[in-house]
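If you want the building blocks of each chain, they are given just below.
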Amino acid sequence: MSVPDLTTLTLDELREWITALNDRYVQLTAEQSTDREQRRAQISEAITDLGGLLGPTEGPPGIGDIRAVRRYDTATMGANAGLALSLAFEGLEILTSTVLDIAHVIATDV
């Protein structure tokens, strides 16, 4: 769309241009706002995923998160090395996936 010489337009033509420009401005602003909200939601989800992976600072030993696993004593961990390795890889997968999601958000914001 080429922009005409505004000094030659009639009042009605100017109104049409102003309306078209305003409509486009509103559309682009809404798209940008939606994109920003989607990025915020992705980051919020990543924070939740990382918090779940890390787990609470206090509690019993368990296999639900990193901190719970670390509460086991060395003998128990040694006796269950296969399970520990499986949990370690699961944690790495979640961590890598979450960092990748954050990288995508940052890349689209540049």
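A short tour of the structure in this document, coming up. These numbers come from a predicted model, not from an experiment.

Our next topic: the overall build of the protein chain. Along the protein chain, the regular secondary structure elements total four helices and zero strands. Along the protein chain, helices and strands appear, N-terminal first, in the series α-α-α-α. Against the 2.2 N^0.38 benchmark of 13 Å for 110 residues, the protein chain shows a C-alpha radius of gyration of 27 Å, more extended than a compact globule. Across its three principal axes, the protein chain shows a C-alpha extent of roughly 85 × 25 × 15 Å. Burial statistics for the protein chain: of 110 residues in total, 13% are counted as buried. Restricting to contacts in the protein chain with at least 6 residues of sequence separation, those with at least 24 account for 30%. Of the roughly 8600 Å² of accessible surface on the protein chain, a fraction of 61% belongs to carbon and sulfur atoms.

Let's shift gears to the pattern of salt bridges. The tally for this structure, following the rule as stated, stands at two salt bridges. Close ionic contact of R15 with D12 constitutes a salt bridge, the shortest N to O distance being 3.4 Å. Of this pair, R15 and D12 both sit in helix 1 (residues 11-54), three residues apart, roughly one helical turn. Judged by its relative accessible area of 48%, R15 falls in the partly exposed class. Using a relative accessible area of 51% as the deciding quantity, one classes D12 as exposed.

We now examine the side chain of T98. Residue position: T98 is located in helix 4 (residues 81-109). On the basis of relative accessible area, T98 is assigned to the buried category, the value being 2%. Among residues more than four places away in sequence, those in contact with T98 are A46, D49 and L50.

Further remarks concern a nonpolar patch on the surface. Among the surface-exposed residues, L85, F89, L92, L95 and V99 lie close enough to one another that they form a single nonpolar patch of about 480 Å² accessible area. Topologically, L85 is positioned in helix 4.

So, on to helix 1. Between the first and last C-alpha of helix 1 there are 64 Å, a value that for 44 residues agrees with the 64 Å anticipated at 1.5 Å per step. If you check which residues of helix 1 are buried, you get W17, R39, A46 and L53. With its phi angle positive at about 85°, G55 sits one or two positions after the end of helix 1.

Rules used throughout
Residues numbered from 1 in each chain as written. Predicted model: local features only at pLDDT ≥ 70, side-chain atom pairs only at ≥ 80, totals over all residues. Heavy atoms only, no water. Helix = DSSP H or I, 4+ residues; strand = E, 2+ residues; numbered from the N terminus. Rg over C-alpha atoms; globule rule 2.2 N^0.38 Å. Buried < 20%, exposed > 50% of the residue type's maximum accessible area, 1.4 Å probe, protein only. Contact = heavy atoms within 4.5 Å. Areas by Shrake-Rupley, 256 points an atom, 1.4 Å probe, with all protein chains shown as cover. Salt bridge = Lys/Arg side-chain N within 4 Å of Asp/Glu carboxyl O. Patch = residues over 30% accessible without salt bridge, like charges linked within 9 Å, V, L, I, M, F, W, Y side chains within 5 Å. Expected span 1.5 Å × (residues − 1).

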